[in-house]
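Coordinate inspection notes
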Amino acid sequence: LRGRGRRCLPALRSAAMAVPLRRRLPMLPLLLLAAGGLRAVERSSSAMEELATEKEAEESHRQDSVSLLTFILLLTLTILTIWLFKHRRVRFLHETGLAMIYGLIVGVILRYGTPSTSGHDKPFSCSQEDRPFTTLLVNVSGKFFEYTLKGEISPGKIHNVEQNDMLRKVTFDPEVFFNILLPPIIFHAGYSLKKRHFFRNLGSILAYAFLGTAVSCFIIGNLMYGVVKLMKLVGQLSDKFYYTDCLLFGAIISATDPVTVLAIFNELHADVDLYALLFGESVLNDAVAIVLSSSIVAYQPTGENTHAFDAAAFFKSVGVFLGIFSGSFMMGAVTGVVTFTKLHCFPLLETALFFLMSWSTFLLAEACGFTGVVAVLFCGITQAHYTYNNLSVESRSRTKQLFEVLHFLAENFIFSYMGLALFTFQKHIFSPVFIIGAFIAIFFGRAAHIYPLSFLLNLGRRHKISWNFQHMMMFSGLRGAMAFALAIRDTATYSHQMMFSTTLLIVFFTVWIVGGGTTPMLSWLNIRVGVDPDQDPPPTNDNSERRNRTKQESAWLFRLWYSFDHNYLKPILTHSGPPLTTTLPSWCGLVARCLTSPQVYDNQEQLREEDSDFILNDGDLTVTYGDTTITANGSSGPHTATTSLDGRRTKSSSEEALEHDVGAADHEVTSRGTRLVFPLEDNA
């Protein structure tokens, strides 16, 4: 009976009942002894099972700690190597490339250096069910165990399921990348945006990011569809690969991430306009790529062939793209505006609240069906423009440093995981034809993205995008964290697994080869380095030509927006800007006094952004204080009042004021608590 436990008790009881009553009494002590022994065996067996369960939980906890420690050691080793490279002035390999190399080494060790530790997987057949369950409860000897769905396994690989517990532990859920690692990277890009040169090239950046990404997506998608047809013809395609899958791959791989190039640009102080074009394109390009991929997934034609072209479904996808992007943009901007803290006396609480509001923007957008990447990007831009001015001095420094550290750690963590995933991911499908075709398609897609758009943009630009700039932008089309995160998010089907494996190889190649060749390419293209980021192009002797150049360099839409923002939004949302009592009509005096922050009247030294003073050279900004009108370019009328250095007001015409304002040196003019920077002649 030993080992059978509770199941033996009914049999024993039945055997005892079969004995006559007169013979049952002498056997009673023996029966009681046997029942007690069975219960003792049962309790011992239950205790052994609980002990085994505790040991398994402890072993699982230990493996979790080891897996996290592995990534911590990878980041530590990367940081130490970065310090060594910076000390030795080594530029042929960026920190992200280092993280990938270390990830590859650890992946090889985990794959081939650790034995298989579990072999308990056994397939069960559920032929009565026609769909998988997210959560499954399994009854094992009266005990219920919960199992969660991880994904589909093809019948040919049913016996190749990962049997190494350690490799399972270091394979993260794709949602970890989207909900934890991506938000600080994207937010830092918006929060640390250098607005001066970004908005100077705003029109070109928008064209590259929106139109260029769409062009690149469709060119890569159509070329890859031809590659898929070729693979089917030569017999190298073992499963379905639709046209929409090719377009999805085009959207994924169109997400550029020139982090290596930009880091070298920043270190060498390369040309600021080229830096602004590349950085601005990469920031907005990620947002466009993720919304574009969502629109392609939403493409569902009606009829029997769900992958044929359908005009109604196409326009529906376009509407989904516009709706998701505009909704995410509005949600991010509104969240950034309403992050209005009054915790100046407690910088720690103020910083914590700012951090939570910023991160919640991403999650709120995802929960509402929008795109968190777009929302958190514009939340960062909005908070840098408005909320930053309301923070205490300590919180300004803390928020900048906090998101810079989070961005650095998250980005290097992702690149380390890329190297690790090459050996730990179990669903790789490498096709030489598809990989070679992808590299060729990316080259043509990037070329169609840069050169035709640059030609069209140069037709309306005063400061042309030169050929060496275009070649450098063509060369700098690296793929990185966003492409990897988009590819790993869905690896359930054969086509998506092949796309993920190819994306991983493309990221490796562009980061190592293209990133390592940035410095020689700068020298070969004769692009100037050692430029002060706040330095404008060399001045000319012709003041009128200089004024026309600055007006053409600055986007006209932004010049109109800045005038409205400086006069009306800044006084409402921040403690800077002119009081609304001086910018609104006199009959709005009560509303103006209610909406204007009291600090605007109290602060004689106004909060001023580092890059805001350039607008006065580039736009039509007019600020009125009582009967005094100060105009940046003299467009307010035939008579304007200008303020000289000694505080006297003089009358001049629009042309005279404009010629008088444009000069070589910067002088400050303070009027009723608002500090504006005007470039005045030295002899004024």
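Structure report, in brief. (Residues numbered from 1 in each chain as written. Predicted model: local features only at pLDDT ≥ 70, side-chain atom pairs only at ≥ 80, totals over all residues. Heavy atoms only, no water.)

This part is about the overall build of the chain. The number of helices and strands found in the chain is 26 helices and eight strands. Within the chain, buried positions represent 48% of all 684 residues. Sequence-distant contacts in the chain: of pairs separated by 6 or more residues, those separated by 24 or more amount to 75%. (Helix = DSSP H or I, 4+ residues; strand = E, 2+ residues; numbered from the N terminus. Buried < 20%, exposed > 50% of the residue type's maximum accessible area, 1.4 Å probe, protein only. Contact = heavy atoms within 4.5 Å.)

Now for the side chain of Arg446. Mapped onto the elements, Arg446 comes out in helix H15 (residues 432-458). On the basis of relative accessible area, Arg446 is assigned to the buried category, the value being 3%. A polar atom in the side chain of Arg446 sits 2.8 Å from the side chain of Glu281. The contacts of Arg446, once residues within four sequence positions are left out, are Thr256, Leu278, Glu281, Met473, Met474, Ser476 and Gly477. (Polar contact = N/O pair within 3.5 Å; in protein donor to acceptor, adjacent residues only side chain to side chain.)

By the element assignment, Asp245 lies in helix H8 (residues 243-253). The buried charged residue Asp245 lacks any salt bridge partner; its closest oppositely charged side chain belongs to Lys240, at an N-O distance of 10.0 Å. At 3.3 Å, the side chain of Asp245 forms a polar contact with the side chain of Ser495. If sequence neighbours within four positions are ignored, Asp245 has contacts with Ser495, His496 and Met499. (Lys, Arg positive; Asp, Glu negative; His and termini not counted. Salt bridge = Lys/Arg side-chain N within 4 Å of Asp/Glu carboxyl O.)

The next thing to look at is H8. With respect to burial, H8 is a largely interior element, 10 of its 11 residues being buried. Within H8, burial applies to Thr244, Asp245, Cys246, Leu247, Leu248, Phe249, Gly250, Ala251, Ile252 and Ile253.

On to a nonpolar patch on the surface. Together, Phe133, Leu136, Val140, Phe145 and Tyr147 make up an exposed nonpolar region whose accessible area comes to about 440 Å². Those elements giving two or more residues to the nonpolar patch turn out to be strand E1 (135-140) and strand E2 (143-148). With respect to the element layout, Leu136 can be found in strand E1. Of the residues examined, Leu136 reaches a relative accessible area of 38% and is grouped as partly exposed. (Patch = residues over 30% accessible without salt bridge, like charges linked within 9 Å, V, L, I, M, F, W, Y side chains within 5 Å. Areas by Shrake-Rupley, 256 points an atom, 1.4 Å probe, with all protein chains shown as cover.)

We now examine the packing of helix H7 (residues 202-234) against H15. Where H7 meets H15, the axes come as close as 8 Å, and the angle between the chain directions of the two elements is 150°. By the angle between their directions, the pair H7 and H15 is classed as roughly antiparallel. Handedness of the H7/H15 crossing: right-handed. Grouping the constituent residues of the contact of H7 with H15 by class yields 22 nonpolar, eight polar and no charged. (Axes fitted to C-alpha atoms, helices over the stretch in contact; angles between N-to-C directions. Parallel < 35°, antiparallel > 145°, perpendicular 65-115°, else oblique. Left-handed = near helix turned anticlockwise from the far one by under 90°. Nonpolar A, V, L, I, M, F, W, Y, C, P; charged D, E, K, R; others polar.)

For the rest of this paragraph, the subject is the pairing of E2. Little of E2 is tucked away, with zero of its six residues classed as buried. As judged from the six bridges shared by E1 and E2, these two strands associate in the antiparallel manner. If you follow Val138 over to E2, its bridge partner there is Phe145. Two successive antiparallel strands, E1 and E2, enclose a turn made up of two residues, where Ser141 displays a positive phi of approximately 55°. (Pairing = 2+ DSSP bridges.)

Summed over all chains, the structure comprises 28 aromatic pairs. Aromatic side chains Phe210 and Phe325 sit 5.1 Å apart centroid to centroid with 75° between the ring planes, which places their arrangement in the edge-to-face category. With a gap of 115 residues between them, Phe210 in helix H7 and Phe325 in helix H11 (residues 311-338) connect regions that are remote in the sequence. Seen from their ring centres, Phe355 and Trp359 are 5.4 Å apart, and the 70° between their planes marks the pair as edge-to-face. Pair noted here: Phe355 and Trp359 are both in helix H12 (residues 347-367), with a separation of four residues, about one helical turn. Connected via pairs of aromatic rings, a cluster forms that spans Phe71, Phe177, Phe413, Tyr417, Phe425, Phe484 and Phe500. Between the NZ or CZ atom of Lys400 and the centre of the ring of Tyr191, over which it lies, the distance is 4.8 Å. We note Arg489 situated over the ring of Phe178; from NZ or CZ to the ring centre the distance is 3.8 Å. (Phe/Tyr/Trp six-rings, centres within 6.5 Å; stacked < 30°, edge-to-face > 60°. Lys NZ or Arg CZ within 6 Å of the ring centre and 35° of its normal.)

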